[in-house]
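# Structure at a glance
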Amino acid sequence: MGHDARNEGTDIASRLLTSAAKLSYDPAVEVDWDTPLDKDFHGQSPEWNSLYGTAYWNEMTEEQRKELTRQETASVASTGIWFEMILQQMVLRDIYRMDHTDPRFQWALTEIADECRHSIMFARGSEKLGAPGYKPRRAVLELGRFMKTVGFGEAAYAGILVAEEVLDVMQRDWMRDERVVPFVRTISNIHVVEESRHMKFARDETRRHLARASRPRRHFQALIVAIAAYYIITSLVSPEVYVRAGLDPERAVREAAANEHYKAQLRASCAGLMEFLADVGMLTRPALFFYQRAHLV
């Protein structure tokens, strides 16, 4: 890897540190935690709900729809917390031996500090939405342990992109939507602003790491990231959300799985990400299989 690429990475990190110093939020202060939950609002833009447009959605009362959108938002937030914990460990491992005076080292720690605040914000938000701390299935939790152990370098940064790009598009809709409960709009806005810096760094680091990667390594990492993407996306909506909204979970899971509207939303949210992965050589045939199964392509 050339001197120029290293310098460019340092420049990007320096600019991001300056940006973070100018525009960062403290969710403990910025979010209205004290006003009681107003159940006249949705928890997310209804168009982002896993059942939107299905026969079941059409049968639901307006109260059920609002409850389901609140529960699904909490489920998405919980999945975000789970995956952020994996990514933080991978990034820490990646910078373990780095020079502490390197802006990239300092930015990575700034990013981890952001993620810790975001995770607390998501946890408090879920609680305020009247939801439990949803968790992926046990097997998926164990797979997460495996990923954070074997994933390294570009897998950490491409993983950040996979997790954040979908949330980014989703939350840009939620933060502008007046049907969404105001504190969720604030949370979404904070996350969108701060994650845009994380995604810029992740794209740069993915390119830098891949510049010196062999073909077998690139193929292995591409597969690890694609499998992670499959399990993140398929864990976004816990089947338990349907129970808590008073629905028949078996029918709801069945209709959600066949919901073409929801799949189209996911694909649209990932168009930029898939273009980037193709550009850096991480959209291999085995990887593509998992992206297609997760309805991201």
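Below you will find a few notes about this structure. Throughout this document, residue positions are counted from 1 along each chain, in the order its sequence is written. Two thresholds apply to this predicted model, a pLDDT of at least 70 for residue-level local features and 80 or more for giving and counting side-chain atom pairs, whereas whole-chain, interface and lining totals are computed over all residues. Note that water and hydrogens are dropped before the side-chain values are worked out from all heavy atoms of the structure.

Every helix listed is a DSSP run of H or I at least four residues long, and every strand listed is a run of E at least two residues long, numbered separately from the N terminus. Looking only at helices and strands, the chain features 14 helices and zero strands. Shown N-terminal to C-terminal, the secondary structure of the chain runs as helices and strands in the order α-α-α-α-α-α-α-α-α-α-α-α-α-α. In terms of overall dimensions, the chain is globule-like: its C-alpha atoms have a radius of gyration of 19 Å, near the 19 Å expected for 297 residues. Its C-alpha atoms put the chain at 60 × 45 × 30 Å along the principal axes. A burial count over the chain gives 55% of its 297 residues as buried. Throughout, a contact is declared for two residues whenever any of their heavy atoms are within 4.5 Å. Restricting to contacts in the chain with at least 6 residues of sequence separation, those with at least 24 account for 85%. Each charge sign in the chain was given a centre, from 38 positive and 42 negative side chains, and these centres are 6 Å apart. Radius of gyration here is computed from C-alpha atoms only, and the compact-globule reference equals 2.2 Å multiplied by the residue count raised to the power 0.38. Relative accessibility thresholds used throughout: buried, under 20% of the residue-type maximum; exposed, over 50%; partly exposed, between the two (1.4 Å probe, protein chains only). Only four residue types enter the tally: Lys and Arg on the positive side, Asp and Glu on the negative side; His and the chain ends are excluded. Where a charge sits is defined by one atom per residue type, namely NZ (Lys), CZ (Arg), CG (Asp) or CD (Glu).

Turning to empty space enclosed by the protein, a few remarks are in order. In the cavity and pocket records, a cavity denotes points on a 1 Å grid over the protein atoms alone where a 1.4 Å probe fits but cannot get out, a pocket denotes an open set with protein on both sides within 12 Å along at least 5 of 7 lines, and lining residues are residues with an atom within 4 Å of a point. Grid points are joined across faces, edges and corners, and a volume is the space filled by probe spheres set on the points. Enumeration according to the criterion identifies three cavities of 30 Å³ or more in this entry. Taken as a whole, the largest cavity spans an internal volume of roughly 130 Å³. Lining the largest cavity are 15 residues, and of these Thr 73, Ala 77, Phe 122, Gln 171 and Ile 187 lie nearest its centre. Counting only elements with at least two residues in the lining of the largest cavity, the list comes to helix 4 (62-95), helix 5 (103-128), helix 7 (154-176) and helix 8 (182-211). Here the lining of the largest cavity is built from residues that sort into ten nonpolar, five polar and no charged. Within this model, the second largest cavity holds a volume of roughly 90 Å³. Lining the second largest cavity we find 13 residues, and of these Gly 80, Ala 163, Leu 167, Ile 232 and Leu 236 sit closest to its centre. At the level of secondary structure, the elements contributing two or more residues to the lining of the second largest cavity comprise helix 4, helix 7 and helix 9 (215-235). Ten residue types, Ala, Val, Leu, Ile, Met, Phe, Trp, Tyr, Cys and Pro, are classed as nonpolar, four, Asp, Glu, Lys and Arg, as charged, and the remainder, Gly among them, as polar.

Over the atoms rolls a probe the size of a water molecule, and its path tells where empty space is left. Estimated volume of the largest pocket: approximately 580 Å³. Ile 233, Thr 234, Ser 235, Val 237 and Ala 256 are the residues nearest the centre of the largest pocket, which is lined by 28 residues in total. If you list the elements that add at least two residues to the lining of the largest pocket, you get helix 4, helix 9, helix 11 (249-257) and helix 12 (260-269). Per-element tally for the lining of the largest pocket: the top contributor is helix 9, with four residues. Computed from the structure, the second largest pocket encloses a volume of approximately 360 Å³. Along the walls of the second largest pocket sit 21 residues, with Ile 81, Trp 82, Met 85, Lys 135 and Leu 141 positioned nearest its centre. Of all elements in the fold, only helix 4, helix 5 and helix 6 (138-150) reach the threshold of two or more residues within the lining of the second largest pocket. Of the residues belonging to the lining of the second largest pocket, the class tally is ten nonpolar, five polar and six charged.

Position of Glu 47 among the secondary structure elements: in the loop between helix 2 (27-30) and helix 3 (55-59). We classify Glu 47 as partly exposed; its relative accessible area is 24%. Residues Glu 47 and Pro 286, spaced 239 residues apart in sequence, show a C-alpha to C-alpha distance of 31 Å. The residues contacting Glu 47, other than those within four sequence positions of it, are Tyr 52, Arg 179, His 261 and Gln 265.

Turning next to the packing of helix 7 against helix 8. Each pair of packed helices can be described by the angle between their axes along with the distance between the axes. Angles run from 0 to 180 degrees between N-to-C directions of axes, and those axes are lines fitted to C-alpha atoms, restricted for helices to the stretch in contact. At their nearest, the axes of helix 7 and helix 8 sit 8 Å apart, and the two run at 150° to each other. Compared by their axis directions, helix 7 and helix 8 come out roughly antiparallel. Here helix 7 and helix 8 pass one another in a crossing that is left-handed. Residue classes in the contact of helix 7 with helix 8 are distributed as 13 nonpolar, seven polar and ten charged. Small angles under 35 degrees read as roughly parallel and large ones over 145 as roughly antiparallel, with 65 to 115 read as roughly perpendicular and the rest as oblique. For any helix crossing, the convention is left-handed if the near helix is rotated counterclockwise from the far helix by under a right angle, and right-handed if that rotation is clockwise.

Right, let's get into the environment of Asn 189. As for its position among the elements, Asn 189 is in helix 8. Assessed through its relative accessible area of 28%, Asn 189 is described here as partly exposed. Ignoring anything within four residues of it in the chain, the contact list for Asn 189 reads Tyr 25 and Met 175.

Buried Ala, Val, Leu, Ile, Met, Phe, Trp, Tyr and Cys residues form a nonpolar core when they are joined through side-chain atoms within 4.5 Å. Counting residues in each nonpolar core, the largest one holds 91 residues, and the members touching the most others are Leu 51, Phe 83, Tyr 242, Tyr 291 and Leu 296. Those residues in contact with Leu 51 that sit more than four places away from it in its chain are Tyr 56, Trp 57, Met 60, Leu 68, Tyr 242, Leu 247, Ala 252, Glu 255, Ala 256 and Asn 259.

The α-helix winds at 3.6 residues per turn, so residues separated by three or four positions along the chain end up facing the same way. For a helix, the expected span equals 1.5 Å multiplied by the residue count minus one. With 21 residues, helix 9 ought to run about 30 Å at 1.5 Å a step, and its terminal C-alpha atoms sit 30 Å apart, in line with that. Among the residues of helix 9, Gln 221, Ala 222, Ile 224, Val 225, Ala 226, Ala 228, Ala 229, Tyr 230, Ile 232, Ile 233 and Ser 235 are the ones counted as buried. Turning to helix 9, the residues buried within the fold contact helix 4, helix 6, helix 7, helix 12 and helix 14 (285-293).

By themselves these figures say nothing about function.
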